[in-house]
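# Structural features, examined
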Amino acid sequence: MKRVDDWVTRFEESVLAFLLAAMTLVSFTQVVARYGFNAGWGGALEFTRILFAWLILFGMSYGIKIGAHLGVDAIIRLFPRPIFRAFAVFGALCAVAYAVILLYSDWLQIFGAHARGGAIDYWMKMYKVGIGLDDLRYPDLIQEVFGTKERVQRWIAYLILPVGLALLAFRSVQAVWQIITGEREMVIAAHEAEDLVAENKDVLKD
């Protein structure tokens with residue numbers, strides 16, 4: 001399990017670093033091209049928007065890993081420790097359910113719910129249909145060599161939906177186990193603001 005966790009962590013951190021670097025590079029070059037040469041890339045805005053969406057969806061799982069999601073725990077901390085832990089486990093299980101339902105909701109029909117689809121189903125439909133994005137286009141060389149369509153397919157951009165939610169489910173299951181075994185308190189970081197105030201309370205004295 002430790003090896004899997006290390007691999008997933010390296011994967012998440014590498015992708016997040018790449019996304020941030022790509023967004024910064026594209027935005028910077030667009031500003032230079034626009035104001036310096038009165039030119040620019042027509043697909044830059046859509047490309048940056050996709051990168052930002054990927055950043056958010058990857059960040060969901062990594063936020064659970066590092067305990068960066070904020071929440072309110074003022075009420076449940078009033079209960080005895082065993083009850084508090086039970087609430088913490090319940091919260092983590094809700095995160096698991098959220099990820100799994102969005103990933104693939106057909107299994108809810110077992111409980112009589114009229115639910116169908118999910119991220120996997122939606123991505124597969126996009127893959128079969130092959131609809132292109134609005135502004136992102138393949139370079140002419142790639143179109144000629146590989147025989148691709150002019151526009152980049154939507155399923156490439158939407159691949160983050162099943163991948164991001166699968167990572168969220170993995171991190172949520174991991175959080176459930178860590179709460180049960182006492183490795184962490186909760187799936188959220190409720191006292192982050194409190195900790196920041198405590199760390200910086202003497203800053204203004206100087």
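Quick look at the structure, then.

Definitions and cut-offs
- Along every chain, residues carry numbers that run from 1 in the direction the sequence is written.
- It should be noted that, the model being predicted, local features are given only for residues of pLDDT at least 70 and side-chain atom pairs only at 80 or more, the latter also being counted only at that level, while totals for whole chains, interfaces and linings use all residues.
- Side-chain metrics in this entry use all non-hydrogen atoms of the structure; hydrogen atoms and water are not considered.
- What makes a nonpolar core is a set of buried Ala, Val, Leu, Ile, Met, Phe, Trp, Tyr and Cys residues whose side-chain atoms join them at distances within 4.5 Å.
- Relative accessibility thresholds used throughout: buried, under 20% of the residue-type maximum; exposed, over 50%; partly exposed, between the two (1.4 Å probe, protein chains only).
- By the criteria applied, helices consist of DSSP H or I runs no shorter than four residues and strands consist of E runs no shorter than two, each listed in order from the N terminus.
- When checking whether two residues touch, look at their non-hydrogen atoms; a contact exists if any pair is within 4.5 Å.
- Comment: axis = line fitted to C-alpha atoms, over the contacting stretch for helices; angle = value between 0 and 180 degrees taken between N-to-C directions.
- Working definition: roughly parallel below 35 degrees, roughly antiparallel above 145 degrees, roughly perpendicular at 65 to 115 degrees, and oblique for all remaining angles.
- Crossings are sorted by hand: turned counterclockwise from the far helix by less than a right angle, the near helix makes the crossing left-handed, and turned clockwise it makes it right-handed.
- When a carboxyl oxygen of Asp or Glu is within 4 Å of a side-chain nitrogen of Lys or Arg, the pair counts as a salt bridge.
- The arc in question is the one spanned by the directions pointing from the helix axis to the C-beta atoms.
- Stacked, edge-to-face and tilted labels apply to pairs of Phe, Tyr and Trp rings (six-membered ring for Trp) whose centres lie within 6.5 Å, assigned for plane angles under 30 degrees, over 60, and everything in between, in that order.

### A closer look at the nonpolar core
- If you look at the biggest cluster of nonpolar residues, it comprises 32 residues, and the most contacted ones within it are L19, F58, L165 and L168.
- At the level of secondary structure, the elements contributing two or more residues to this core comprise α1 (2–37), α2 (44–66), α3 (81–103) and α7 (160–181).
- At 8 residues, α7 tops the list of elements feeding residues into this core.
- In contact with L19, not counting residues within four places along its chain, are L51, W54, L55 and F58.
- If you look at the next biggest cluster of nonpolar residues, it comprises 6 residues, including L133, Y138, V152 and A157.

### Some thoughts on the packing of α3 against α7
- Running from N to C, α3 and α7 cross one another at 165 degrees; their axes reach a closest spacing of 8 Å. On the basis of their axis angle, the class for α3 and α7 is roughly antiparallel. Considering how the two elements wind past one another, α3 and α7 form a crossing that is left-handed. Between α3 and α7, the residues in contact are R85, A88, V89, A92, L93, A95, V96, Y98, A99, V100, L102 and L103 and P162, L165, A166, L168, A169, S172, V173, A175, V176, I179 and I180, respectively.

### Regarding the pattern of salt bridges
- Under the counting rule described, the total for this entry stands at 8 salt bridges.
- The residue R77 makes a salt bridge to E185 at a minimum N-O spacing of 2.8 Å. Pair noted here: R77 is in the loop between α2 and α3 and E185 is in the loop between α7 and α8 (192–199), with a separation of 108 residues, a long-range link.
- Exposure remark for R77: the relative accessible area of 31% places this residue in the partly exposed category.
- Between E150 and R137 there is a salt bridge; the shortest N-O distance is 3.1 Å. Here E150, found in the loop between α5 (140–146) and β2 (151–153), pairs with R137, found in strand β1 (residues 132–137); they are 13 residues apart in sequence, far enough to count as distant.
- One salt-bridge network, held together by shared partners, links D5, E12, K65 and R171.

### Some points on helix α4 (residues 119–129)
- Listing the buried residues of α4 in full gives A119, W123 and M126. The buried residues of α4 occupy an angular sector of 60 degrees when projected down its axis, which confines them to one face. Exposed and facing more than 90 degrees away from the buried side of α4 are K128 and V129.
- Close packing links the buried residues of α4 with α3, α6 (154–157) and α7.

### Considering the side chain of R154
- Structurally, R154 is set in helix α6.
- Other than its neighbours up to four places away in sequence, R154 contacts M126, I131, G132, L133 and D134.

### Structural notes on the packing of aromatic side chains
- Per the counting criterion, the structure on display carries 10 aromatic pairs.
- Centre to centre, the rings of F79 and F87 are 5.5 Å apart; their planes meet at 40 degrees, and the pair counts as tilted.
- The exposure class assigned to F79 is partly exposed, which follows from its relative accessible area of 38%.
- Here F87 falls in the partly exposed class, since its relative accessible area comes to 38%.
- Consider the rings of Y122 and Y158, whose centres lie 5.7 Å apart with planes at 25 degrees: the pair is stacked. Of the two residues, Y122 sits in helix α4 while Y158 sits in the loop between α6 and α7, which places them 36 residues apart along the sequence.
- A residue is classified by how much of its surface remains accessible, and Y122, at 38% relative accessible area, is partly exposed.
- The structure contains a cluster of three or more aromatic residues connected by ring pairs, namely W7, F11, W54 and F58.

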